[in-house]
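Each chain, letter by letter, is given below.
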Amino acid sequence: MKTLEEIFCRQPETLNEALTLLSDEATRGVLLSGGTDLVVQWQAGAVPMPEQVIDLSAVPELKEISAQDGCLRIGACVTHAAIRNHALTREALPALVAACASIGARQIQSRGTLGGNVANASPAGDASPALLVADARVVTASLAGERCIPMNEFLLDYRKIDRHPDELILRFELTPCPQGGIERFCKIGTRGAQAISKVMGACRVVMHGKDIQHMALALGSVAATAIRLPETEKLLAGKTLCEELVDEAEACVLREVHPIADIRSTAEYRRWVSGRIVRGFLESL
Ligand SMILES: Cc1cc2nc3c(=O)[nH]c(=O)nc-3n(C[C@H](O)[C@H](O)[C@H](O)COP(=O)(O)OP(=O)(O)OC[C@H]3O[C@@H](n4cnc5c(N)ncnc54)[C@H](O)[C@@H]3O)c2cc1C
């Protein structure tokens, strides 16, 4: 088996160069962004060490945050630290900012990227629920062109995303939280920091007084991928917030999620916590 030093690593400096490498099976390598998932997996022997790697960290287009056509564009190689600190994301995507601030510690946030978090396709990837409530689209690119895929369709299954072998994730396009809108993020792990989530969730809400005009809810680590909660959203949208409604919403979440047990948690705990997270969101409004 190869050692880390023996892997053949290319570092394209333009998008076209990266896509050209990906287009040819002979030069196609495993995509590397911050390496905080991949290198750990290689060293633990969880996935085999690849023959070659394409390090995307020098491609400028992948590292941009901008506002365009009413949406926020975040390049795949933008780090969690950059999302935490950027004025545009802080203003328009508070749940995503909070999610990125909960990932690992500062060192991991400085290297780990949004694209890596999503492409790793773990149900415990903390960014996904916040992306789902912002109706994110994933834009992939290959030499053949771009594809724009809704985030909920991009996450196909456990550790599976809708990426073709000659494609990379170029950027995410997110709808900003509307003026007066509220976003929350909540993560439950074994401890307050440096913990992989047992369950995490995000919401985006627009209220008029106590009336709920818009409700988007998403949870992670309760299914094979992060999920929206359409039944609970439907129950809440258009209603007036009151204690009974909060009770009903919590009960609805318990019916809607069907988590599994694994080394991090039991299924029963995950289900109970899911309801409590949504209750917490509603009680904070
Ligand atoms: C100590 C530690 C703590 C951590 N804590 C957390 C945590 O609290 N929450 C959490 O969610 N994660 C956590 N992680 C996991 C990891 O840091 C994050 O998932 C991070 O966002 C991964 O990004 P990366 O750039 O390092 O990905 P990489 O390791 O570079 O890549 C991950 C995957 O994405 C693919 N990929 C990368 N870029 C692209 C692209 N542009 N297009 C297509 N595929 C691509 C790679 O091929 C690989 O399959 C932790 C990791 C460590 C080591």
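Residues numbered from 1 in each chain as written. Predicted model: local features only at pLDDT ≥ 70, side-chain atom pairs only at ≥ 80, totals over all residues.

Trainee: Before we move on, can you summarise the site of the ligand with the specific residues and values?
Mentor: Surveying the vicinity of the ligand reveals 29 residues, the closest of which are Gly34, Gly112, Gly116, Asn117 and Ala119. When contributions to the shell around the ligand are tallied by element, the ones reaching two or more residues are β2 (30–32), α2 (38–44), α6 (106–111), α7 (114–119) and β10 (168–174). Among the elements that line the shell around the ligand, the one with the most residues is α7, at four residues. For the shell around the ligand, the class distribution of residues is 13 nonpolar, 12 polar and four charged. (Near = placed C-beta within 6 Å. Helix = DSSP H or I, 4+ residues; strand = E, 2+ residues; numbered from the N terminus. Nonpolar A, V, L, I, M, F, W, Y, C, P; charged D, E, K, R; others polar.)

Trainee: Go over unusual backbone geometry, please, and point to the residues and values.
Mentor: Unlike most non-glycine residues, glutamine 194 shows phi in positive territory, near 55°. Within the secondary structure, glutamine 194 is located in the loop between β11 (182–188) and β12 (199–208). Here the phi dihedral of serine 221 falls at roughly 70°; this positive angle occurs in a residue that is not glycine. Judged by C-beta crowding, with 29 C-beta atoms within 10 Å, serine 221 ranks as buried. (Buried ≥ 20, exposed ≤ 12 C-beta atoms within 10 Å, placed from the backbone.)

Trainee: Could you give an account of the nonpolar core, with specific residues and numbers?
Mentor: If you look at the biggest cluster of nonpolar residues, it comprises 74 residues, and the most contacted ones within it are Leu96, Ala130, Leu131, Val133 and Ala218. Considering every element that reaches this core, the biggest residue donor is strand β13 (residues 211–220), with six residues. Apart from residues no more than four positions distant in its own chain, alanine 130 is found in contact with Ala95, Leu96, Ala99, Phe185 and Ala202. (Core = buried A, V, L, I, M, F, W, Y, C linked by C-beta atoms within 7 Å. Contact = placed C-beta atoms within 7 Å.)

Trainee: Now, about the environment of proline 150: what can you tell me, with residues and values included?
Mentor: Position of proline 150 relative to the elements: it lies in strand β7 (residues 145–150). Looking at proline 150, the number of C-beta atoms within 10 Å reads 13, which means it is partly exposed. In this structure, the C-alpha to C-alpha distance between proline 150 and phenylalanine 172, residues 22 residues apart in sequence, is 9.7 Å.

Trainee: Which residues make up the sheet that holds β12, and what values do they have?
Mentor: Strand order in this open sheet of four strands is β11-β12-β13-β14, and the pairing throughout is antiparallel. Looking at the sheet topology across the chains shown, the edges are occupied by β11 and β14 (227–228). Bridge count between β12 and β13: nine bridges; the pairing is antiparallel. The residue bridging cysteine 203 from the neighbouring strand is leucine 217, located in β13. In the packing of helix α5 (residues 94–101) onto the sheet, contacts are made with β11 and β12, and the angle to β11 comes to roughly 25°. (Pairing = 2+ DSSP bridges. Axes fitted to C-alpha atoms, helices over the stretch in contact; angles between N-to-C directions.)

Trainee: Any chance you could break down α5 for me, citing the residues and the numbers?
Mentor: Of all the residues in α5, the buried ones are Ala95, Leu96, Val97, Ala99 and Cys100. The inward-facing, buried residues of α5 contact α3 (80–85), α4 (87–92), α6, α8 (127–133), β11 and β12.

Trainee: Can you tell me about the environment of serine 57, naming the residues and giving the values?
Mentor: Its location among the elements puts serine 57 in the loop between β3 (52–55) and β4 (65–68). Sequence-wise, serine 57 and asparagine 152 are 95 residues apart; in three dimensions their C-alpha atoms are separated by 26 Å. Residues within four places of serine 57 in sequence aside, it is in contact with Ser33 and Cys77.

Trainee: Summarise the pairing of β10; cite the residues concerned and give the values.
Mentor: Burial runs high along β10: seven of the seven residues are buried. Note that strand β5 (residues 71–75) and β10 share four bridges and pair antiparallel. Bridge pairing in β10 places isoleucine 74 opposite phenylalanine 172. In this sheet, β10 lies alongside strand β6 (residues 137–142) in antiparallel orientation, the contact comprising five bridges.

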